[in-house]
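Observations on the model geometry
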Amino acid sequence: MVPEREATTRERAASGATAASRARARLDQPRPPRRRFLPEWDPESFGRLSERVARFLGTGRFIVWMTVVIILWVVWNVSAPSSLRFDEYPFIFLTLMLSLQASYAAPLILLAQNRQDDRDRVNLEQDRKQNERSIADTEYLTREIAALRIGLGEVATRDWIRSELQDVIKDLEERHDGHHPDRGVFPADRSGGRDVHDR
């Protein structure tokens, strides 16, 4: 029995030693930076650079400068002395340079378009939310105006009160002129302000 306990304690100590020898990752501290073989760049700054390049490639200034460079290139390689020419007549190097420029320009333009699409998507989402808020506000104001109209329909207006008072006055005048004196007598016309029956 005792030798079995000693064996299990030794196994636990051995496993504890291996666990302690392993470096535990602490969660309260950032990891140390790893070495990377690929270069790192900031996507935001790279995107801004691509937009700048794409905007420049889409201007007339770029076309003018590119035309001037190509004309100077061709004129130099045709009219300069043979020892100073660096690209002979088929202009292979010029073709290579233009192909290289096009191969870099196309991805930069696509990247700039993707960034513009992302911005447009965000703007459309914000516009949609703003339209939803405007529609909700409009519906609320419409309900409030309808409630006010319903409430005003039940309120006695000045013209209605005036017409009702005129009807009451006419009714009282008719009673005073054409009926029994006791039934249509105004309190002011009563002797002493009291009715005959009150005496």
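Reading the values: rules and limits
- Residues numbered from 1 in each chain as written.
- Predicted model: local features only at pLDDT ≥ 70, side-chain atom pairs only at ≥ 80, totals over all residues.
- Heavy atoms only, no water.
- Phe/Tyr/Trp six-rings, centres within 6.5 Å; stacked < 30°, edge-to-face > 60°.
- Buried < 20%, exposed > 50% of the residue type's maximum accessible area, 1.4 Å probe, protein only.
- Helix = DSSP H or I, 4+ residues; strand = E, 2+ residues; numbered from the N terminus.
- Expected span 1.5 Å × (residues − 1).
- 1 Å grid on protein atoms, 1.4 Å probe; cavity = no way out; pocket = protein on both sides within 12 Å on 5 of 7 lines; lining within 4 Å.
- Points joined across faces, edges and corners; volume = space filled by probe spheres on them.
- Nonpolar A, V, L, I, M, F, W, Y, C, P; charged D, E, K, R; others polar.
- Patch = residues over 30% accessible without salt bridge, like charges linked within 9 Å, V, L, I, M, F, W, Y side chains within 5 Å.
- Areas by Shrake-Rupley, 256 points an atom, 1.4 Å probe, with all protein chains shown as cover.
- Salt bridge = Lys/Arg side-chain N within 4 Å of Asp/Glu carboxyl O.
- pLDDT = per-residue confidence, 0-100.
- Contact = heavy atoms within 4.5 Å.
- Axes fitted to C-alpha atoms, helices over the stretch in contact; angles between N-to-C directions.
- Parallel < 35°, antiparallel > 145°, perpendicular 65-115°, else oblique.
- Left-handed = near helix turned anticlockwise from the far one by under 90°.

This paragraph deals with the packing of aromatic side chains. Counted according to the given criterion, the structure contains four aromatic pairs. Geometrically, the ring pair formed by Phe 56 and Phe 62 is edge-to-face, given 5.6 Å between the ring centres and 70° between the ring planes. When the ring of Tyr 89 is compared with that of Phe 91, the centres are 5.8 Å apart and the planes differ by 65°; the resulting orientation is edge-to-face. For Tyr 89, a relative accessible area of 66% gives the class exposed. Three or more aromatic residues link up through ring pairs in this structure, and these residues are Trp 73, Phe 86 and Phe 93.

This part takes up helix 4 (residues 92-154). Residue pairs spaced three or four apart in an α-helix point in one direction, given the helix's 3.6 residues per turn. The first and last C-alpha atoms of helix 4 sit 92 Å apart over 63 residues, in line with the 93 Å expected at 1.5 Å per residue. Within the sequence span of helix 4, burial applies to Leu 94, Ala 105, Leu 108, Ala 112 and Arg 115.

A few words now on the layout of surface pockets. What the largest pocket holds in volume is close to 160 Å³. For the largest pocket, the full set of lining residues is Met 66, Val 69, Ile 70, Trp 73, Leu 94, Met 97, Leu 98 and Gln 101. Of all the secondary structure elements, the ones that give two or more residues to the lining of the largest pocket are helix 3 (60-79) and helix 4. For the lining of the largest pocket, the residue count by class is seven nonpolar, one polar and no charged.

Turning our eyes to something else, we now look at a nonpolar patch on the surface. On the surface, a cluster of nonpolar side chains totalling about 820 Å² of accessible area is made up of Trp 76, Leu 84, Phe 86, Phe 93, Leu 96, Met 97, Leu 100 and Tyr 104. In terms of residue count, the dominant contributor to the nonpolar patch is helix 4 (five residues). Looking at where Phe 86 falls in the secondary structure, it is placed in the loop between helix 3 and helix 4. Judged by its relative accessible area of 49%, Phe 86 falls in the partly exposed class.

What follows deals with the confidence of the model for the chain. Low-pLDDT portions of the prediction should not be read for the details of their coordinates. Per-residue pLDDT for the chain averages 79, and the proportion of residues at 70 or more is 78%. The least confident element of the chain, judged by mean pLDDT, is helix 1 (residues 2-21) at 53; the most confident is helix 3 at 93. Overall, residues 183-188 carries pLDDT values under 50, and its contacts beyond four positions in sequence, including any with other chains, amount to seven contacts.

Following both chains from N to C, one finds helix 2 (residues 43-57) and helix 4 inclined at 115°, their axes separated by 8 Å at the closest point. Classed by the angle they form, the pair helix 2 and helix 4 counts as roughly perpendicular. Remark: the crossing between helix 2 and helix 4 carries left-handed chirality. Two secondary-structure elements touch here, helix 2 through Pro 43, Glu 44, Phe 46, Gly 47, Arg 48, Ser 50, Glu 51, Val 53, Ala 54 and Leu 57 and helix 4 through Gln 101, Ala 105, Leu 108, Ile 109, Leu 111, Ala 112, Arg 115, Gln 116 and Arg 119.

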